[in-house]
Amino acid sequence: MADGARSLRGGGGSGSGGGSPASSPVLGGRGRAAAGGGSPPGHAFRRVTLTKPTFCHYCTDFIWGLAGYQCEVCNFMSHEKCLKNVKIPCSCIAPSLVRVPVAHCFGPPGHYKRKFCTVCRKSLESPAFRCEVCELHVHTDCILFACSDCRQCHQDGHLDHDTYHHHWREGNLSSSARCEFCKKTCGSSEVLSGMRCEWCGILAHAACYVIVTPECTFGRLRNMILPPNCVQLFSRNFSKLHCFRISENMQTESDEDDDVDGSTQGSTKDIQISTDSSKQTLKIFDGNDAVKRNQFRLISVPRIAKNEEVVEAALRAYYINDDQQEYELQTFTQQVLLSDDVINRNDAAEDSNLGSVFRESVPEAWIIRAKPKDEEVIRIYPAWLKVGMAYVSLRVNKDSTVQTVIKEVLPLLGRQMECLQNFKLVEVLMGSKQVQRMVLDNQELILNRLKDIRKTSIRQMNQTRFYIVENSKSIVQVDLFVGGLPPQLSPEEYTNILKEELAIKTNVVSVSHVYQAQGAVVLQISCFSEAERIYMLVKDTVVNDKPLNAVVIPAVMASKIPRNCCPLLVFVNPKSGGLKGRDLLYSFRKLLNPHQVFELTNGGPLPGFHTFSKVPSFRVLVCGGDGTVGWVLGALEEIRHKLVCSEPSVAILPLGTGNDLGRVLRWGAGYSGEDPYSILVSVDEADDVLMDRWTILLDAEEPAEGAENGIAEPEPPKIVQMNNYCGLGIDAELSLDFHHAREEEPGKFNSRFHNKGVYVKVGLQKISHTRNLHKDIKLQVDQHEVELPSIEGLIFINIPSWGSGADLWGSESDNRFEKPRIDDGLLEVVGVTGVVHMGQVQGGFRSGIRIAQGSYFRVTLLKPIPVQVDGEPWIQAPGQIIISAAGPKVHMLKKSKQKQKKTGSLKEMKVDGVSVSEGGR
């Protein structure tokens, strides 16, 4: 009755027998290569005549001569000599080899050069999909046949485990990729070949990867990766895009293509191969669901063809390698159940004699059906039961119910003493976009259930498993971050707002964390449907003219994090750097755990800090301009008291225009496409340094301009934080003009070169402008009045870089002042005489006018004056500006001068596998 313990990797096959599907009498036999030894896993090889240059998918060498061997199901090409060595399984049995079913996270379709489809192994010439979490690429009409073998990045209560194995992905490597074991080239730009672990990045040939020890140690970045077994997320009702906080507009674009997966895209590709007048093209549906969705596959068969030949071709089109004797073709006129849903365009009379498909009038479409069976052999997977086997095979008949199946399976798993009521049978559909689970009723007949699945879709039957699961009271807990609420309210007031706006159910929803200063709360929800309802409703809710935002938050189990692990929390501003942020998001999600990568346009930095609030030690990488860095540092300062690691070190990947702080910390003038893996290695090797931060109190003593009759109240005091510099006068005026130009035409400001050109343009317009700034302000440094020279701009600098790398203070020694440092607790005060002087400083010909150095400053404004802090400009009304040190110094990461050592091969493998250039930019 049972085959006992069997390796998933070794005995892949369909659910109806113990042998490989490749040995079926039709698909495996006709024209088969006479290769010695065991048959290749699931393939149906046939000798073919080559009409164009072709490469072997096993050894990547050119196939000389006119003959090669091709799998009729997945298009795997091979030399005759390589057949006996083929280890890569066919796409038809790939679902049976999945260890833990995890759905993929597909973004919008795009064009990817020199990439190959994982399902049909052909190049991606038309728009195709790629997974945002792993390196899977598929055609639009192949996406339904991709198995759910994405990386498992968190635990969700299903098949959880603490030991992680290599997660191998075939192909789409650089042609220079080298095998870690034999050191020979394993990548190819001509075919889908070579294997790569998507956690540690190790590369290997298809022949070499099988000898690798299964346990994965996460490679060179192991200390930076948030281990998947430390992350928990209950995500049953949420899509993968929601779970990984990927922009919503990507979901709408990909959903629009769902209805053409099997029709429009497929027909265009297949019609091109059926122009021969001796052949005909047929539409093939695989069940009721395909008919309703109008998702079909096109096959090309001879005009005079046996019914068995058409069935065989239809099975191949759906990547099914079963015996064709178990299937039959039906026309729409034979459908009773679907008579109301299907428009019969054939007007053909019902005819059950299907000896030959060739007739006077050939029906336009056919449905392939599985013939009914009196008994079958099914596989039962033991879920997370620690029984040391992959699955057991069980023979069922028309009288077998779910309860009898459980009763017969338990002794085979060594659980014969257990009570039947403690277990349940779960049906799992391993779709490429979603893994669906359904608990079967104990009295349901198994054969009837199989019949219903096949009637719906024989493709779905190939992707369906049955798990025996131990009953347990599963605790549902979904954490939802809700931002955009009014700040400085009590938990009760936030609860009342949520009740009024979202109609939350307090019996299943509670407020677990409140961030009053930011106007945000974290909801703890114990019901999947309620969590989904709130999440979808928040997107359309506005409170006090401000839209709310919601982010699904994973729970990080800090106690499971290894002691030597210091995970990296990554913030990326996708709007910075001319859309380079989008590419970096994609690359960092591949190199790290996607749960540690946060998009700043989706809720800001607070969701990321909340997720890592219990992590004992972590670092931060901010990808953006100086304004983005200031935003993250400001949020860190506000939430520091709620973090277990209250002083994480912060690294910078500069994506902005000036990037002065990035220059000082040696991260460069701006990102220009460097390998993301080498960036992460540099962050890991960076030195920890301290940096001063400053608080600026803006206290206007007079009403703002435009107040009617001067009755208006003065602006309330405002506090801002400063990291780099603060400017008054001409410097801030140029920043303000640039800011206004960017607001008028934001689409044009997507490159540093254009941005600097605009700065030059607004500067030339002010070149003849004179302003006696020294007459309009008064300066007091450390309680002492300072007389100002004749200047147009006054600048307070905290770092030795200003205006895209200029040294405003200068390098000359001066006995009056100390040598500036970023952690000396002092600010330097410098003056400029105008636009020409600023241009000379930018060119390195002059430096600014040194005025003072101190730790406490009071500036009195006698009239409205332009002010800018770290690039953010505005007009400040007359009053007082007080600058003082802000709390503790912040820990920053400074790029080490030492060159990376002993990372050459690993770096190369990461470049091959996940570089920005290969991410499809």
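Residues numbered from 1 in each chain as written. Predicted model: local features only at pLDDT ≥ 70, side-chain atom pairs only at ≥ 80, totals over all residues. Heavy atoms only, no water.

**Notes on the overall build of the protein**
Scanning the protein from N- to C-terminus turns up 20 helices and 43 strands. Scored against the burial criterion, the 921 residues of the protein give a buried share of 56%. Sequence-distant contacts, at least 24 apart, represent 70% of the contacts inside the protein between residues at least 6 apart. (Helix = DSSP H or I, 4+ residues; strand = E, 2+ residues; numbered from the N terminus. Buried < 20%, exposed > 50% of the residue type's maximum accessible area, 1.4 Å probe, protein only. Contact = heavy atoms within 4.5 Å.)

**Let's talk about the sheet that holds strand E37 (residues 827-832)**
Spatially, the six strands line up as an open sheet ordered E38-E37-E36-E33-E40-E41, and their pairing is antiparallel. With partners counted over all chains shown, the strands left at the sheet margins are strand E38 (849-854) and strand E41 (872-876), one partner each. Within the sheet, the average angular offset between the axes of one strand and its neighbour, ignoring direction, is 20°. (Pairing = 2+ DSSP bridges. Axes fitted to C-alpha atoms, helices over the stretch in contact; angles between N-to-C directions.)

**As for the nonpolar core**
Residues Phe588, Phe609 and Leu621 are the most contacted members of the largest nonpolar core, which totals 150 residues. Ignoring any residue separated from it by four or fewer positions in sequence, one finds Leu621 in contact with Leu568, Leu569, Val570, Phe571, Phe588, Ala651, Ile652, Leu653, Leu680 and Val683. (Core = buried A, V, L, I, M, F, W, Y, C linked by side-chain atoms within 4.5 Å.)

**Side note on the packing of helix H11 (residues 580-591) against helix H15 (residues 676-685)**
One can describe the packing of H11 onto H15 by two numbers: an axis separation of 10 Å at closest approach and a directional angle of 65°. In terms of axis orientation, H11 runs roughly perpendicular to H15. H15 is crossed by H11, and the crossing has right-handed handedness. On H15, the residues that touch Leu584, Ser587, Phe588 and Leu591 of H11 are Pro676, Tyr677 and Leu680. When the residues that make up the contact of H11 with H15 are grouped by side-chain class, the tally is six nonpolar, one polar and no charged. (Parallel < 35°, antiparallel > 145°, perpendicular 65-115°, else oblique. Left-handed = near helix turned anticlockwise from the far one by under 90°. Nonpolar A, V, L, I, M, F, W, Y, C, P; charged D, E, K, R; others polar.)

**Regarding helix H13 (residues 626-639)**
In this model H13 runs 20 Å from its N-terminal to its C-terminal C-alpha over 14 residues, within 8% of the 20 Å that 1.5 Å per residue would give. Among the 14 residues that make up H13, 10 are buried, leaving the element largely enclosed by the rest of the structure. Along H13, the positions that sit buried rather than exposed are Asp626, Thr628, Val629, Gly630, Val632, Leu633, Gly634, Ala635, Leu636 and Ile639. (Expected span 1.5 Å × (residues − 1).)

**Some thoughts on the pattern of salt bridges**
Scanning all chains against the criterion turns up 29 salt bridges. A salt bridge links Glu135 to Lys590; the shortest N-O distance between them is 3.3 Å. Highlighted residues: Glu135 in the loop between strand E4 (128-130) and strand E5 (137-139) and Lys590 in helix H11, separated in sequence by 455 residues. Among the ionic pairs, Glu599 bridges to Arg589, the shortest N-O distance being 4.0 Å. A residue pair is termed long-range when its members are at least 10 positions apart, and Glu599 in strand E27 (residues 597-599) and Arg589 in helix H11 qualify at 10 residues. Here Glu599 matches Arg589 in class, with each residue buried. (Salt bridge = Lys/Arg side-chain N within 4 Å of Asp/Glu carboxyl O.)

**Quick notes on the sheet that holds strand E13 (residues 365-370)**
Taken together, four strands build an open sheet; the order of strands is E11-E10-E13-E12 and the sheet is mixed. What marks the edges here is a single partner per strand, and that holds for strand E11 (297-302) and strand E12 (327-330). Ignoring which end each strand starts from, the neighbouring axes of this sheet average 40° apart. Sheet topology places strand E10 (residues 279-285) next to E11; six bridges connect them, and they run antiparallel. Residue pairing across strands places Gln280 opposite Val301, the latter belonging to E11. Strand contacts of helix H5 (residues 307-317): E10, E11, E12 and E13, with the helix running at about 150° to E11, the strand carrying the most contacts.

**Details of the packing of aromatic side chains**
Two aromatic rings are characterised by how far apart their centres lie and by the angle between their planes. By the definition in use, this model includes 18 aromatic pairs. For the ring pair Phe62 and Trp64, a centre distance of 4.8 Å and an interplane angle of 70° mean the geometry is edge-to-face. Ring centres of Trp809 and Phe817 lie 5.2 Å apart, and the angle between their planes is 75°; this geometry places the pair in the edge-to-face category. Put simply, the rings of Phe55, Phe62 and Trp64 pair up and form one aromatic cluster. Across from the ring centre of Trp199, 4.3 Å away, lies the NZ or CZ of Arg151, which sits over that ring. It is Arg245 that lies over the ring of Phe598; its NZ or CZ is 4.0 Å from the centre. (Phe/Tyr/Trp six-rings, centres within 6.5 Å; stacked < 30°, edge-to-face > 60°. Lys NZ or Arg CZ within 6 Å of the ring centre and 35° of its normal.)

**Let's talk about the environment of Ile468**
Among the secondary structure elements, Ile468 is positioned in strand E18 (residues 464-470). On the basis of relative accessibility, which here comes to 1%, the residue Ile468 falls in the buried class. In this structure, the C-alpha to C-alpha distance between Ile468 and Leu410, residues 58 residues apart in sequence, is 8.9 Å.

**Topic: helix H7 (residues 446-456)**
Here H7 has its buried residues at Ile446, Leu447, Arg449, Leu450, Ile453 and Arg454. The arc that holds the buried residues of H7, viewed along the axis, is 160°, so those residues lie on one side. (Arc of directions from axis to C-beta.)

**Comments concerning the state of the cysteines**
One pass over the full model with this rule turns up zero disulfides. No disulfide involves Cys153; its nearest neighbouring cysteine sulfur is the one of Cys150, lying 6.1 Å away. Overall, the relative accessible area of 2% leaves Cys153 in the buried class. Residue Cys565 stays outside any disulfide, its sulfur separated by 7.1 Å from that of Cys230, the closest cysteine. (Disulfide = S-S within 2.5 Å.)

**Observations regarding the pairing of strand E33 (residues 725-729)**
Across the five residues of E33, five count as buried, placing the element largely inside the fold. As paired strands, E33 and strand E36 (residues 793-797) are joined by five bridges and run antiparallel to one another. By the bridge assignment for E36, Cys726 is matched with Phe796. Pairing of E33 with strand E40 (residues 865-869), which is carried by three bridges, proceeds in the antiparallel orientation. Bridge pairing links Leu728 to Val867 in E40.

**Here we look at unusual backbone geometry**
Glycine aside, residues mostly have negative phi, and peptide bonds are mostly found in the trans state. We note that Ala503 has phi near 55°; this positive angle belongs to a residue other than glycine. Here Ala503 is to be found in the loop between helix H9 (491-502) and strand E20 (509-515). Even without glycine at this site, Asn544 takes up a positive phi of about 55°. Within the element layout of this structure, Asn544 appears in the loop between strand E22 (542-543) and strand E23 (546-547).

**Observations regarding the environment of Lys775**
On the secondary structure map, Lys775 appears in helix H18 (residues 773-776). Relative accessible area serves as the criterion here: at 56%, Lys775 is assigned to the exposed category. Separated by 88 residues in sequence, Lys775 and Lys863 have C-alpha atoms that sit 9.9 Å apart.

**Here's the deal with the side chain of Asn321**
Its location among the elements puts Asn321 in the loop between H5 and E12. Separated by 2.7 Å, the side chain of Asn321 and the backbone oxygen of Gly42 make a polar contact. (Polar contact = N/O pair within 3.5 Å; in protein donor to acceptor, adjacent residues only side chain to side chain.)

**With respect to the confidence of the model for the protein**
Low pLDDT means the predicted coordinates in that region are not meant to be read closely. Looking at the protein as a whole, the pLDDT averages 81, with 79% of positions reaching at least 70. Put simply, helix H20 (residues 904-913) is where the protein has its lowest mean pLDDT, 38, and strand E26 (residues 568-572) is where it has its highest, 96. Between residues 1-38, whose pLDDT stays under 50, and residues either more than four places distant or in other chains, the model counts 91 contacts. A low-confidence stretch, residues 900-921 (pLDDT under 50), is modelled with 69 contacts involving residues beyond four sequence positions or located in other chains. (pLDDT = per-residue confidence, 0-100.)

**A look at the environment of His154**
With respect to the helices and strands, His154 occurs in the loop between E5 and strand E6 (168-170). Leave out the neighbours within four places in its chain, and His154 touches Pro228, Val231, Leu233, Ser235, Phe244 and His595. A distance of 2.8 Å separates a polar atom in the side chain of His154 from a polar atom in the side chain of His595.

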